[in-house]
Amino acid sequence: MSTPPIRILSVDDHPLLQEGIAAMIRSQPDMELAGEARSGQDALEKFRETRPDVVLMDLRLPDMNGIDAMIAIRGEFPEARVVVLTTFEGDAEIKRALAAGARGYLLPSTSATSR
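Computed from a predicted structure; not experimentally measured.

Reading guide: rules and limits
- Residues numbered from 1 in each chain as written.
- Predicted model: local features only at pLDDT ≥ 70, side-chain atom pairs only at ≥ 80, totals over all residues.
- Heavy atoms only, no water.
- Helix = DSSP H or I, 4+ residues; strand = E, 2+ residues; numbered from the N terminus.
- Buried < 20%, exposed > 50% of the residue type's maximum accessible area, 1.4 Å probe, protein only.
- Polar contact = N/O pair within 3.5 Å; in protein donor to acceptor, adjacent residues only side chain to side chain.
- Contact = heavy atoms within 4.5 Å.
- Pairing = 2+ DSSP bridges.
- Core = buried A, V, L, I, M, F, W, Y, C linked by side-chain atoms within 4.5 Å.

J.: Go over the side chain of Ser10, please, and point to the residues and values.
T.: Positionally, Ser10 belongs in strand 1 (residues 6-11). Residue class for Ser10 comes out buried when judged on its relative accessible area of 1%. At 2.3 Å, the side chain of Ser10 and the side chain of Gln18 are in polar contact. Excluding its chain neighbours within four sequence positions, the residues that come into contact with Ser10 are Gln18, Ile21, Leu33, Gly35, Glu36, Ala37 and Leu56.

Dropping the structure here:
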């Protein structure tokens, strides 16, 4: 009996980064791209539709910040698991995101071999 893939919702408003994330997820045999969103409101709607296992959330979105989008998602779905993506190492927003319920964070400079 095989384990089902980890279903990921990717939320980022930068098309090139979104395409790269999608390609990385699709290249992993144990992951599946459940959906993509380009804004906080879109993320909430896509979460409702797809119920992913994990949300990869950019903190900088055009309509609301990623923390507010995460709070909205977790307000409806307290079990939602969110990992934030930020360009600022040591950023105060990382602390805010973790306090709001994020399970972790990734920096774009993180490589697949980083530990």
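J.: Can you lay out the pairing of strand 1 for me, pointing to particular residues and giving the numbers?
T.: By the bridge criterion, 6 bridges tie strand 1 to strand 2 (residues 31-37) in an arrangement that is parallel. By the bridge assignment for strand 2, Ile6 is matched with Met31. As judged from the 4 bridges shared by strand 1 and strand 3 (residues 54-58), these two strands associate in the parallel manner. Its bridge partner being in strand 3, Ser10 is matched across the sheet by Leu56.

J.: Could you give an account of the environment of Met70, naming the residues involved and the relevant values?
T.: Assignment of secondary structure puts Met70 in helix 3 (residues 66-76). C-alpha of Met70 to C-alpha of Val84: the two residues are 14 residues apart in sequence and 9.1 Å apart in space. Non-local contacts of Met70, meaning those with residues more than four positions away in its chain, are made with Met57, Val82, Ala97, Ala100, Gly101 and Ala102.

J.: Explain the nonpolar core residue by residue, including any values.
T.: A general feature of soluble globular proteins is that nonpolar side chains tend to end up buried together. Core analysis: the biggest nonpolar cluster contains 20 residues, and Val11, Phe47, Val55, Met57, Ile73 and Ala97 have the highest contact counts within it. Broken down by secondary-structure element, the contributors of at least two residues to this core are strand 1, helix 2 (40-50), strand 3, helix 3 and strand 4 (82-85). It is helix 3 that contributes the most residues to this core, 4 residues altogether. Setting aside chain neighbours within four positions, we find Ile73 in contact with Ala43, Leu44, Phe47, Met57 and Ala80. Listed in part, the 7 residues of the second largest apolar core include Ile8, Ile21, Ile25 and Leu85.

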